[in-house]
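If you want the building blocks of each chain, they are given just below.
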Amino acid sequence: MWRLRSYLRPHRAALVVMLSTALAGIVVAISIPLVIRELIDGPVTDGELGPVLPLGLLVLALGVLEAFLTWWRRWIQSNAVLNVETAMRRDLYAHLQALPMTFHSRWQSGQLLSRATTDLSSIRRFFGFAMLFLLINILQVTAVTVVLLVMYWPLGLVVACTAAPIVWLSMRFENEYVLVSRRVQDEQGDLATRAEEAAVAIRVIKSFGRNRYISDQYEAAARTLHATSMEKVRLSARFWTFLEVIPNLAVVLVLLLGAIGVGRGALTPGELVAFITLMLSLVWPVSSLGVILAMSQEAMTSAARIHEIFDTRSDIVGGTRTIERPRGHLRFEHVDFAFPDALDEPVLRDVNLDIRPGETVAVVGATGSGKTSLTALVPRLFDVTGGAVTIDGVDVRELDLVHLRQLVATAFEDPTLFSMSARENLTLGRADASDADIEEALDVAQAGFVRDLPWGLATRIGEQGMALSGGQRQRLALARAVLSRPAVLVLDDTLSALDVHTEALVEEALRRVLVDTTGLIVAHRASTVLLADRVALLQDGTITHVGEHRELLATVPAYRELLAADSSLEEAVS
Amino acid sequence: MTPTGKSAETEWRGIAKSDEDERIERIERKFVGGSGTLLRELLRPYKFAIWVLIAIVLVENAARLSIPYLVKEGIDTGIPPIRDDNNLEPLFVIVGIVLLATVTQAVARNFFLVRSGKVGQDVLFEVRRRVFRHFQALSPAFHDDYTSGRVISRQTSDVDAIYEMLETGFDGLVTAALTLVGTAGLLLFLDVELGLVALCCGPFLFWLTNWFRKSSASSYRVTREKVALVIVHFVESMGGIRAVQAFRREPRNQEIFDDVNDQYRAANLVAFRLVAWFMPGIRLIGNVTIAVVLLYGGYLAYHGEVTVGVLAAFLLYLRQFFEPMMEISQFYNTFQSASAALDKLAGVLREEPGVPEPTRPAALPDARGELRFDGVDFAYVEDRRVLDDLDLRVPAGQTLAIVGTTGAGKTTVAKLATRFYDPTDGRVLLDDIDLRDLTSDVLRRAVVMVTQENYLFSGTIADNIRFGRPDATMAEVEAATRALGAHDFITALPDGYDTVVANQGGRLSAGQRQLVAFARAFLADPAVLILDEATSSLDVPSERLVQQALRTVLAGRTAVIIAHRLSTVEIADRVIVMEHGRIVEDGAPEDLISAGHGRYSDLHQAWLDSLA
């Protein structure tokens with residue numbers, strides 16, 4: 001938490017205003033009942049009319065001042081704390097964008113989101129509220145108690161004695177409450193997962209007529225949540241009841257002792273009224289102290305969770321070299337690769353492959369043989385654990401990262417579309433692309449359907465926009481990669497969701513692009529392989545054969561196994 | 001937000017808001033105000049409990065409100081006897097009553113909180129149960145329009161909004177309203193003149209609260225919108241970080257994020273500043289009222305028209321008067337969103353299932369599996385016919401493949417055969433019984449569809465296979481997987497059949513998922529199997545495995561296969577080619593190929609070429 005103080009630095013003036021207005025507010029709040037006491041004891045009791053007006057006006061002035069101070073504090077505070085929160089969120093986002101794939105494959109975006117929203121809000125609340133009032137409430141409680149003790153010490157003592165159990169109670173309550181709330185949250189989450197599953201799989205459920213079965217399961221989970229929620233209700237009912245009972249019991253005692261005091265002349269009626277008013281004004285600061293302490297604890301936890309991210313450093317740092325006139329000579333030299341959380345299970349080992357400028361090589365291998373990992377090494381989404389990947393003889397790790405990723409463009413099998421306009425999605429890698437460039441890329445990828453969207457290129461696509469079919473998404477991803485005019489084009493099984501006809505058209509157009517671009521293509525269909533000049537067979541993480549398609553088909557049984565069509569079909573054809 | 005900011009945003013976000021969205025919103029808006037009816041209906045079983053609660057809350061508030069009055073009595077009638085002849089008795093009586101009031105209040109309050117909480121939770125449970133069952137009962141036609149995202153948010157964020165209201169706002173609202181009315185009454189009772197002076201603050205309070213209510217409703221909406229933008233952009237950037245980094249998208253992303261982040265900040269600032277005006281505003285009115293009451297009360301006291309005790313009671317009551325006002329404002333947004341949520345849920349609950357259960361169901365003890373389409377017309381949208389007078393008879397045991405271009409009506413045939421939809425005209429018959437005369441339990445036992453989704457539920461592999469027949473023994477499950485050639489890969493998994501399938505089957509390959517889906521259908525053992533086949537994402541060895549399993553699954557039952565790739569057609573007894581909702585070719589695959597130059601034989605040739 002202390003480390004986040006740098007975010008507060010620009011708002012030092014605001015913090016001073018917040019603190020001083022809050023303190024002044026307390027002084028005013030305490031003085032109002034004291035003036036009222038003067039009024040009751042003086043003019044009202046003694047039957048003088050003279051001082052009523054000035055004292056009454058003083059109460060009025062103090063009342064207005066109190067309201068003004070509250071307004072000022074909140075006004076300043078809203079701006080300051082929101083700026084702090086926004087700045088932290090911005091930095092968090094920037095840091096996350098820079099962290100490598102190894103980090104992101106370990107963290108789900110939901111987990112990251114809860115840090116960017118829930119945790120930051122909890123820190124914001126601490127800065128805007130808990131931090132301030134922790135100090136102020138303690139001061140207020142102390143000050144009022146002192147005033148009360150001075151006024152009439154036996155009563156003051158009664159009040160001081162009731163404060164302790166309230167603080168203790170509210171702290172204990174808050175802790176228990178956090179526990180049961182977390183359980184409720186978990187159970188709500190479980191229920192949400194079930195609702196989600198039932199919604200997504202509705203057609204499967206209907207097909208098998210299992211609606212009742214699924215509903216019963218859901219209902220059982222809802223019943224558990226109901227029970228836990230009732231536990232929470234009972235807990236907070238008990239707490240709020242006690243919270244009201246304790247001050248009221250204090251009122252009973254104060255009234256009893258105070259009235260006796262007044263009767264015996266130890267206390268004036270005005271003092272008694274002021275006393276009760278002041279005492280009741282303590283209820284909130286005292287009871288909230290427990291809540292504030294718990295909030296601070298929560299903010300500490302949040303800060304720790306934020307720092308967990310800020311403390312992670314990217315291990316993929318760009319070099320300084322650039323290639324003036326890239327030819328696109330891509331080489332894998334004795335490349336080893338393993339994911340950092342499974343270093344003893346290498347995904348790739350001793351991979352050697354030389355792709356000459358302008359040449360296109362297809363990588364073929366069974367599921368899980370490491371094809372996708374191989375392609376991810378080129379733009380340094382992951383780094384090799386042994387050997388090197390070079391472009392035009394330069395190790396990719398020595399290249400400037402932005403420059404490298406300009407040289408290499410990848411069209412992924414599972415194309416990521418963002419909830420933005422089609423244009424924004426297409427120009428991901430080249431924001432300055434002209435309309436003509438875009439048209440050309442759309443033609444190559446047979447993605448002309450974009451023009452027929454309701455608002456053409458301006459149509460929002462992705463989750464929050466127009467839904468596209470798998471084949472359409474892949475064609476967009478392909479257009480995106482082609483548009484960035486890379487020296488090396490990587491196609492990671494980009495055509496798998498296309499129908500036969502479209503695939504043929506795309507391939508024809510791609511051939512033209514690939515004439516002077518170096519291509520690395522992951523394929524599991526013979527038709528795609530034919531795009532390539534040569535084929536590399538990846539088996540168990542290493543390249544076992546390189547050659548032309550026909551040649552491998554004829555000589556390597558494992559290759560035939562992977563690419564030849566259904567055996568019964570072969571019979572039918574022959 | 002500046003106008004330029006808006007246009008810049010539109011530029012990257014693009015335009016959405018399709019016709020379909022508007023239609024859905026109509027469904028949701030159809031029953032605006034439905035929340036009231038729904039709420040009444042939900043609360044009906046608790047009529048008695050609610051009356052008890054109302055009585056309790058009245059007692060509680062009476063006890064609470066009596067305390068300042070009793071303090072006044074203590075000062076006015078308790079003190080003089082002590083002063084005069086040291087007689088403590090009147091004071092003891094009053095203090096005793098205060099104590100009694102305190103205890104009464106505590107007991108009543110606890111009872112109220114627990115009981116009202118119980119009613120709230122019961123209602124919430126009922127809402128969850130009803131909404132879930134209703135979504136399950138609604139026909140797939142409804143689910144085609146109403147996306148799963150919407151279904152989910154009805155059951156999560158909307159239900160949560162109601163939960164939130166029950167948890168935070170309900171009790172506060174009741175207490176605040178009663179305090180307001182009760183206090184006003186008591187003030188007038190204590191002293192009419194002074195009471196009227198104090199209540200002069202009423203119009204100001206009303207005006208301020210009303211202003212706050214309106215402005216915070218709109219600012220709340222804006223804040224929700226802005227935070228949604230932040231969340232979407234954040235989640236999508238992190239989820240798609242591979243594409244972001246590969247295409248050097250970081251600077252542009254940061255630009256966009258800074259923009260939405262700042263818009264969110266600005267919206268929040270508006271909301272915070274509303275509160276910054278409202279809270280001190282209430283306090284100002286309160287403090288001014290106190291000062292006026294003091295001035296006027298002091299004047300009256302001077303003339304002996306009010307006592308010190310009355311003045312003290314007034315001050316205490318006024319404190320109670322203003323505090324709940326500030327609290328109500330905190331809960332206002334909760335109420336707002338809960339009421340909107342109830343409206344939406346009410347709308348959904350009034351949707352009728354498109355395929356109703358029969359009133360007089362026909363019996364079908366043992367389905368043979370003969371499927372017949374008899375003059376079937378079908379249109380999803382009026383006047384846009386997808387099927388046109390379709391006649392088709394699939395004899396029991398036949399494997400029929402349907403091929404054709406996208407939009408030819410292949411999938412519609414499957415959806416009618418499984419009664420996901422009912423035909424617009426004509427009949428679909430199973431063993432000569434109209435599907436509309438069969439209960440869904442009977443129909444689903446006889447006809448099962450395996451879709452291309454291959455959805456795996458969270459749970460073990462065995463649970464997933466048993467999904468169609470939960471009472472199947474382990475031996476039966478294994479028999480099914482062995483028959484399909486899936487037994488080996490399942491036993492090779494870390495926990496075999498008990499391996500937990502995480503995240504929609506993430507650990508299994510696409511081919512393996514399909515085998516599990518087949519095993520599920522095989523175990524359910526329906527007379528008719530409808531297969532929406534899509535093996536595009538499988539590599540050749542997996543596809544081969546799946547094709548082999550398919551032969552086993554289809555043996556001895558009627559099957560309709562929607563063929564997207566032609567590899568499946570090879571195992572069909574009969575192929576129909578569809579175009580524009582009509583059958584254009586029909587025959588055994590070999591016959592159609594040897595006939596040459598038909599549509600099917602063209603498709604087949606193109607496919608052979610693609611295999612290279």
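Residues numbered from 1 in each chain as written. Chains lettered and ligands numbered in written order. Predicted model: local features only at pLDDT ≥ 70, side-chain atom pairs only at ≥ 80, totals over all residues. Heavy atoms only, no water.

Caption draft 1: Here's a closer look at the sheet that holds strand β4 (residues 425-430) of chain B. All names here are of chain B. Taken in spatial order, the 4 strands make up an open sheet running β2-β1-β4-β5, and their pairing is antiparallel. Every other strand in the sheet has two partners, leaving β2 (384-394) and β5 (433-434) as the edge strands with one partner each. Against the sheet, helix α13 (residues 410-417) contacts β1 (371-381), β2 and β4, and its axis sits at roughly 115° relative to β1. (Pairing = 2+ DSSP bridges. Helix = DSSP H or I, 4+ residues; strand = E, 2+ residues; numbered from the N terminus. Contact = heavy atoms within 4.5 Å. Axes fitted to C-alpha atoms, helices over the stretch in contact; angles between N-to-C directions.)

Caption draft 2: Spotlight on empty space enclosed by the protein. All names here are of chain A. Inspection of the entire model under this criterion finds 8 cavities of 30 Å³ or more. As a volume, the second largest cavity reaches approximately 110 Å³. Lining the second largest cavity, in full, are Val159, Thr162, Ala163, Ile166, Pro247, Ala250, Met279, Leu282, Val283 and Val286. Elements with a minimum of two residues in the lining of the second largest cavity: α5 (153-200), α7 (211-264) and α9 (283-310). A total of 4 residues in the lining of the second largest cavity trace back to one element, the largest contributor, which is α5. In terms of residue class, the lining of the second largest cavity is made up of 9 nonpolar, 1 polar and no charged. (1 Å grid on protein atoms, 1.4 Å probe; cavity = no way out; pocket = protein on both sides within 12 Å on 5 of 7 lines; lining within 4 Å. Points joined across faces, edges and corners; volume = space filled by probe spheres on them. Nonpolar A, V, L, I, M, F, W, Y, C, P; charged D, E, K, R; others polar.)

Caption draft 3: View of the packing of α5(A) against α7(A). Residues and elements named next belong to chain A. The N-to-C vectors of α5 and α7 enclose an angle of 170°; their axes lie 9 Å apart at closest approach. With respect to α7, the element α5 is oriented roughly antiparallel. Considering only residue class, the contact of α5 with α7 consists of 27 nonpolar, 10 polar and 8 charged. (Parallel < 35°, antiparallel > 145°, perpendicular 65-115°, else oblique.)

Caption draft 4: Structural context of the confidence of the model for chain A. For chain A, per-residue confidence averages 85 on the pLDDT scale, and 97% of positions sit at 70 or higher. Contacts from residues 566-574 of chain A, a stretch scored under 50 in pLDDT, to residues over four places away or in other chains number 12 contacts. (pLDDT = per-residue confidence, 0-100.)

Caption draft 5: Quick peek at the domain arrangement of chain B. The domains assigned to chain B are domain 1 (17-349) and domain 2 (372-611). Just the C-alpha atoms count here: the centres of domain 1 of chain B and domain 2 of chain B sit 54 Å apart. (Domains from an automatic or database assignment.)

Caption draft 6: Looking closely at the interface of chain B and chain A. Listed by partner, the interface residues are 147 residues for chain B and 160 residues for chain A. Of the roughly 14200 Å² buried at the junction of chain B and chain A (both faces included), carbon and sulfur atoms supply 66%. By the criterion of area lost to chain A, the three top residues of chain B are B:Arg242, B:Phe247 and B:Arg248, representing 6% of everything that side buries. Close ionic contact of A:Arg405 with B:Glu250 constitutes a salt bridge, the shortest N to O distance being 3.9 Å. Between the two partners, chain B and chain A, sit 31 residue pairs in polar contact (both at pLDDT 80 or more). At 31 residues, helix α11 (residues 250-302) of chain B tops the list of elements feeding residues into the side of chain B that touches chain A. Here the residues of the side of chain B that touches chain A sort into 80 nonpolar, 33 polar and 34 charged. (Buried area = accessible area lost by both parts, 1.4 Å probe. Salt bridge = Lys/Arg side-chain N within 4 Å of Asp/Glu carboxyl O. Polar contact = N/O pair within 3.5 Å; in protein donor to acceptor, adjacent residues only side chain to side chain.)

Caption draft 7: Broad picture of the pattern of salt bridges. Scanning the model with the defined rule gives 56 salt bridges over all chains in all. Between B:Arg249 and A:Glu424 there is a salt bridge, and its shortest N-O distance comes to 3.2 Å. Highlighted residues: B:Arg249 in the loop between α10 (241-246) and α11 and A:Glu424 in helix α12 (residues 422-426), drawn from two different chains. Each of the two residues, B:Arg249 as well as A:Glu424, counts as buried. What you see here is one network of salt bridges that share partners, running through A:Asp216, A:Glu219, A:Arg223, B:Glu41, B:Glu126, B:Arg129, B:Arg130 and B:Arg133. (Buried < 20%, exposed > 50% of the residue type's maximum accessible area, 1.4 Å probe, protein only.)

Caption draft 8: Region of interest: a nonpolar patch on the surface. All names here are of chain A. Together, Leu19, Leu23, Leu135 and Leu139 give the surface a local cluster of nonpolar side chains, amounting to about 300 Å² of exposed area. Counting residues per element, the ones that place at least two in the nonpolar patch are α1 (12-46) and α4 (109-151). As for its placement among the helices and strands, leucine 23 is situated in helix α1. (Patch = residues over 30% accessible without salt bridge, like charges linked within 9 Å, V, L, I, M, F, W, Y side chains within 5 Å. Areas by Shrake-Rupley, 256 points an atom, 1.4 Å probe, with all protein chains shown as cover.)

Caption draft 9: The pairing of strand β9 (residues 534-539) of chain A, seen in detail. Within β9(A), 5 of the 6 residues are buried, which leaves the element mostly enclosed by the surrounding structure. Between β9(A) and strand β10 (residues 542-547) of chain A, which pair antiparallel one after the other, the connecting turn spans 2 residues, and A:Asp540 there sits at a positive phi close to 50°.

Caption draft 10: Layout of the nonpolar core. Ranked by size, the top nonpolar core spans 232 residues in total, and within it A:Phe332 and A:Tyr559 carry the most contacts. Residue contacts for A:Tyr559: discarding those within four places in its chain leaves A:Val364, A:Val529, A:Val535, A:Leu537, A:His549, A:Leu552 and A:Leu553. B:Phe132, B:Ala462, B:Val477 and B:Leu531 belong to the second largest nonpolar core, which has 85 residues in total. (Core = buried A, V, L, I, M, F, W, Y, C linked by side-chain atoms within 4.5 Å.)

Caption draft 11: The arrangement of the side chain of B:Asp191 in detail. Along the chain, the position of B:Asp191 falls in the loop between α7 (148-190) and α8 (192-199). At a separation of 3.2 Å, a polar atom in the side chain of B:Asp191 contacts the main-chain amide nitrogen of B:Glu193.

Caption draft 12: Layout of the packing of aromatic side chains. If you walk through the whole model with that rule in mind, you get 27 aromatic pairs over all chains. Measuring from centroid to centroid gives 6.1 Å for B:Tyr69 and B:Phe189, while their planes differ by 50°, and the two rings are tilted. Of this pair, B:Tyr69 sits in helix α4 (residues 47-85) while B:Phe189 sits in helix α7, and the two are 120 residues apart along the sequence. An aromatic cluster of three or more residues is present, and its members are A:Phe68, A:Trp71, A:Trp72, A:Trp75 and B:Trp277. (Phe/Tyr/Trp six-rings, centres within 6.5 Å; stacked < 30°, edge-to-face > 60°.)

Caption draft 13: Region of interest: the sheet that holds strand β12 (residues 582-587) of chain B. All names here are of chain B. Pairing is mixed in the open sheet, where 6 strands are placed in the order β6-β9-β10-β3-β11-β12. Each end of this open sheet is capped by a strand with a single partner; those strands are β6 (447-450) and β12. Taking the axes of each pair of neighbouring strands and ignoring which way they run, one obtains an average angle of 20° across the sheet. The sheet contact formed by strand β3 (residues 399-404) and strand β10 (residues 558-562) spans 4 bridges and is parallel. Its bridge partner lying in β10, threonine 399 is registered against alanine 559. Across the sheet, helix α18 (residues 510-524) touches β6 and β9 (528-532), and the angle it forms with β6 is around 180°. Its contacts with the sheet place helix α19 (residues 540-554) against β3, β9 and β10, and it is angled at close to 155° to β9.

Caption draft 14: Structural context of unusual backbone geometry. Residues and elements named next belong to chain B. We note that asparagine 86 has phi near 55°; this positive angle belongs to a residue other than glycine. Following the sequence through the fold, asparagine 86 ends up in the loop between α4 and α5 (89-137). Even without a glycine there, the phi angle at histidine 580 is positive, about 50°.

Caption draft 15: Molecular detail of the environment of A:Leu69. Residue and element names in this part refer to chain A. For leucine 69, the location among the structural elements is in helix α2 (residues 52-98). By relative accessible area, which is 9% here, leucine 69 ends up buried. Taking the C-alpha atoms as reference points, leucine 69 and valine 17, separated by 52 residues in sequence, lie 9.8 Å from one another.

Caption draft 16: Inspection of the environment of B:Ala559 at higher detail. Secondary-structure assignment places B:Ala559 in strand β10. Ignoring any residue separated from it by four or fewer positions in sequence, one finds B:Ala559 in contact with B:Gln398, B:Thr399, B:Leu400, B:Leu529 and B:Leu554.

Caption draft 17: Expanded view of the environment of B:Leu531. Residues and elements named next belong to chain B. Tracing the sequence through the fold places leucine 531 in strand β9. Here the alpha-carbon distance between leucine 531 and valine 448, two residues 83 residues apart in the chain, equals 8.5 Å. When near neighbours in sequence (up to four residues on either side) are disregarded, leucine 531 contacts Val450, Phe518, Leu550, Val560, Ile561 and Ile562.

Caption draft 18: Looking closely at the layout of surface pockets. Taken as a whole, the second largest pocket encloses approximately 500 Å³ of empty space. What lines the second largest pocket is a set of 22 residues, among which A:Asn211, B:Gln136, B:Ala137, B:Glu357 and B:Ser440 lie closest to the centre. Taken together, the elements giving at least two residues each to the lining of the second largest pocket come down to α7 of chain A together with α5 and α14 (440-446) of chain B. Residue composition of the lining of the second largest pocket, grouped by class: 8 nonpolar, 6 polar and 8 charged. Counting the residues that make up the lining of the second largest pocket, at least three belong to each of domain 1 (17-349) and domain 2 (372-611) of chain B.

Caption draft 19: Quick peek at α13(B). Residue and element names in this part refer to chain B. The element α13 is largely enclosed, with a buried count of 7 among its 8 residues. Listing the buried residues of α13 in full gives Lys410, Thr412, Val413, Ala414, Lys415, Leu416 and Ala417. Backbone geometry just downstream of α13 places arginine 419 in the positive-phi region, at approximately 55°.

Caption draft 20: Structural view of helix α15 (residues 500-514) of chain A. Residue and element names in this part refer to chain A. Taking 1.5 Å per residue as the helical rise, α15 with its 15 residues ought to reach 21 Å, and the 20 Å between its terminal C-alpha atoms agrees with that figure. For α15, the full list of buried residues reads Thr502, Glu503, Val506, Glu507, Ala509, Leu510, Val513 and Leu514. Taken together, the buried residues of α15 touch β3 (360-365), α13 (435-444), α14 (470-483), β7 (488-492), β8 (518-522) and α16 (526-529). (Expected span 1.5 Å × (residues − 1).)

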